[in-house]
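Notes for the structure review
So you can see what is in the structure, the chains are spelled out below.
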Amino acid sequence: MSTNTTNQPTLDPATALDDRFCAAIRAVVPDLPDDQVKAHIGPSRQPKFGDFQSNCAMPIAKRVGMKPRDLAAKIVEAIDVSGIAQPLTEESIAGPGFINISLLPKALGSALDAMDTDQLGITPPTAPKTIVVDVCGVNLAKQMHVGHLRSTVIGDAIARIQERLGHTVKRQSHVGDWGLPIAMVVEQLCVMEDAGTDLSSVTLAQLNSIYKVVQAKCKAETKALELITKVGGHIKAEIELTERITDANAAMERAKARLVALQSGDDRSVKMWQMIYDITMAACLATCQRLHANITDEHSAGESTYRDELGPLVQDLIDRKIAIEDDGALVVRCEGIKEPTIIRKRDGGFLYATTDLAAIKRRVEKLGGDEVVYCVDSRQGLHFKQVFAAAHKAGYDKTPSGKDAILVHAMFGTVLGEGNKPLKSRSGENLNLTDLLDEAVARASKAVAEKNPDMPESERSAISEAVAMAAIKYADLSTERIKDYVFSFDRMLAFEGDTGPYMLYAIARIKNMLGKADEKGVSVDAAKDASFSLDESAERALALMILRYPTIMHATGTHHEPHRLCGYLYELASLFAKFYEQCPVLKDGVEESTRDGRLRLSMLALRVLQDGCDTLGIPTVDRM
RNA sequence: GCCCCGAUAGCUCAGCUGGAUAGAGCAGCGGACUUCUAAUCCGCAGGUCGUAGGUUCGAAUCCUACUCGGGGUGCCA
């Protein structure tokens, strides 16, 4: 595949080389089918081999029955790389048939010039798409826990990346705000109010404990009773259990009745529900804001908003014989999936698959999604496989233009703690996200205070907050999302090596340098027109890395894998640190043209780092 | 039982969709701050890429089987 599949002019010299190589291949092997004309251009693994290499000779030679080195020789003879690279010769061919390429310094400079625009080489797509991203997904009356961290942080990053690429993004938070569990809480609050409890200042933490209590209360331990009855002889235990089950059943009945009342719009039930909704969302959206996740009220699309769409949807599926009755339940069967998708229970109730079908329909038909990306836990894998297949069978994935929308489950693994077990609090419950963030900030402020003893308290706390969020978000984003990852404060906030703070440090250093330039009377503005300084190997390495930015951004977007961009930014920051050590900029004795050329290179590196962090949703700081 | 996912240095992770001698960061050892921020940089050491086959010029990467770990699997979400 050519690197330039999106018909966008890319400034990466790799693209230009790609074109020249393809032309040469066509000239040398005219009969080769188009889909096999591939230049296989990539950056060199090692600087001694040059800047780029083409691996095209080996696969093509095999096709046409030539020796790879002979074919490479012919390509080298036929190719015209003038204006881009040093002329290619026999010497450029190495190993089994690699063709090594060194850019002309002039070409490297002009490629950087071309990239030095507001867009940093990422040009708008010729056909922008509308992409719906399912993020966050909190539940009413429940505090956010670590499980929500990934959906929020990764989901927001996926959304930002598509926005950066020039697509229209619509975030949707599928809030769990409907159904029996919520009705249980509503019922309990009604009971409490009847008993004279003042509910005007209830917090989410309190709702969370009420949620747990009512869950336990309604859970009938029928299995335990069966067991005891079977074993026999435990009359007392049997009576106790029977009583508890009777209580639980009664509580369940009241909850079900409350659900019916809520669904039919009963005034008091709805008011109580609204109160729970408001309290939950206020707290959760505040946490999203703290995480620098662009998720607000307007992105909330709770399950409750689909309530009037479920009945007609199910009827539609029945009418078109897509859904069939099976053992009293209504199911959709899809080819290649053993498990049927149940969309209506025997008792007539709908399930989460039903709501998700309605969500796909709305997201494609109403929101105009060409692509819908679900950033949800990998344990939902089968569920989404079923729902996507069912939606396709029903045609709910048809866009207004008649094409099938792309449905993607961008799944992520579990956050693990010590012993590689899912991260829990000491009491064994889900770890509260706010507590986790507070802990990170507490640790960050220690380090910030240590490094900056003279800094005013207000600035210090702002920096601590940003550094902590950057550390947590980078840790979450920088590994392949499908894998489980081990959460460790010590590693994240050691602030050394491959961490969020490393990136922030690189940015702060460049900004500081630019500030120093002003102090020294060196005009940063004037340096913006200087020609890049590219003689030193550290400068070239940094420049070549900068040029890869657009390509990396596209790859990150097509795969919905933020860790690709993280890895790139770390390499870029790392190359800048090397450049910083090896190439003095403002120090005495640096020639003016070199100084300005290095200033300009630093500024461009800064802008790419800043843009990359912004695109990932990682906050940055001016000092640290 | 069936299905999905994972396994790479002591630890935590990359490896750009098949390329040259498998790379980082921690931890360990040794160096570099009167000089643009040492939250940095340089060097040393550390590997049977879970196992066994296969595909080919070439495999951590693709195919098959197995082992171990995680998850899912008809009326919760």
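Calculation criteria
Residues numbered from 1 in each chain as written. Chains lettered and ligands numbered in written order. Predicted model: local features only at pLDDT ≥ 70, side-chain atom pairs only at ≥ 80, totals over all residues. Heavy atoms only, no water. Helix = DSSP H or I, 4+ residues; strand = E, 2+ residues; numbered from the N terminus. Buried < 20%, exposed > 50% of the residue type's maximum accessible area, 1.4 Å probe, protein only. Contact = heavy atoms within 4.5 Å. Pairing = 2+ DSSP bridges. Axes fitted to C-alpha atoms, helices over the stretch in contact; angles between N-to-C directions. Domains from an automatic or database assignment. Core = buried A, V, L, I, M, F, W, Y, C linked by side-chain atoms within 4.5 Å. Parallel < 35°, antiparallel > 145°, perpendicular 65-115°, else oblique. Left-handed = near helix turned anticlockwise from the far one by under 90°. Nonpolar A, V, L, I, M, F, W, Y, C, P; charged D, E, K, R; others polar. Disulfide = S-S within 2.5 Å. Expected span 1.5 Å × (residues − 1).

Here the focus is the side chain of T499. Here T499 shows up in the loop between α16 (489-492) and α17 (500-519). Look at T499 and you get buried, because its relative accessible area is 6%. Leave out the neighbours within four places in its chain, and T499 touches Y474, R491 and M492.

Two pairing modes exist for strands in a sheet, parallel and antiparallel, and in both the strands are linked by backbone hydrogen bonds. Reading across from one edge, β7-β8-β9 is the order of the three strands in this open sheet, with antiparallel pairing throughout. At either margin of the open sheet sits one strand with a lone partner, and together these are β7 (323-326) and β9 (341-344). For this sheet, the mean inter-axis angle between neighbouring strands, taken without regard to orientation, is 45°. Relative to strand β8 (residues 329-332), β7 is paired through four bridges, and the arrangement is antiparallel. When the sheet's bridge partners are listed, D326 is paired in β8 with A329.

All right, on to the domain arrangement of chain A then. When its domains are assigned, chain A resolves into domain 1 (13-103), domain 2 (180-294) and domain 3 (500-616). Between the C-alpha centres of domain 2 and domain 3 there is a distance of 55 Å.

Now for the nonpolar core. Counting 163 residues, the largest nonpolar core has F21, L112, L436, L542, I546, Y549 and Y568 as the members making the most contacts within it. Sort the elements by how many residues they give to this core and helix α15 (residues 457-477) lands first, with 11 residues. If we skip the residues at most four places from it in the chain, Y549 touches M115, L120, I122, L565, Y568, V608, D611, G612 and T615. Within the second largest apolar cluster, 32 residues are counted, among which are A301, I337, A390 and A405.

Another aspect to go through is the packing of helix α21 (residues 562-582) against helix α22 (residues 592-616). One can describe the packing of α21 onto α22 by two numbers: an axis separation of 10 Å at closest approach and a directional angle of 155°. By the criterion of interaxial angle, the relationship of α21 to α22 is roughly antiparallel. Classified by chirality, the crossing of α22 by α21 is left-handed. From α21, P562, L565, C566, Y568, L569, L572, A573, F576 and F579 reach across to α22, where they touch R598, L601, S602, A605, V608, L609, G612, C613, T615 and L616. Among the residues making up the contact of α21 with α22, the classes are represented as 15 nonpolar, three polar and one charged.

Counted under the stated rule, the structure contains zero disulfides. Its sulfur unpaired, C136 is 4.0 Å from the next cysteine sulfur, which belongs to C288.

Time to look at helix α7 (residues 204-218). Side chains that are three or four residues apart share a direction in an α-helix, a result of its 3.6 residues per turn. With 15 residues, α7 should reach 21 Å at 1.5 Å per residue; the first-to-last C-alpha distance of 21 Å fits that figure. For α7, the secondary structure elements touched by its buried residues are α6 (180-194), α9 (235-263) and α10 (267-290).

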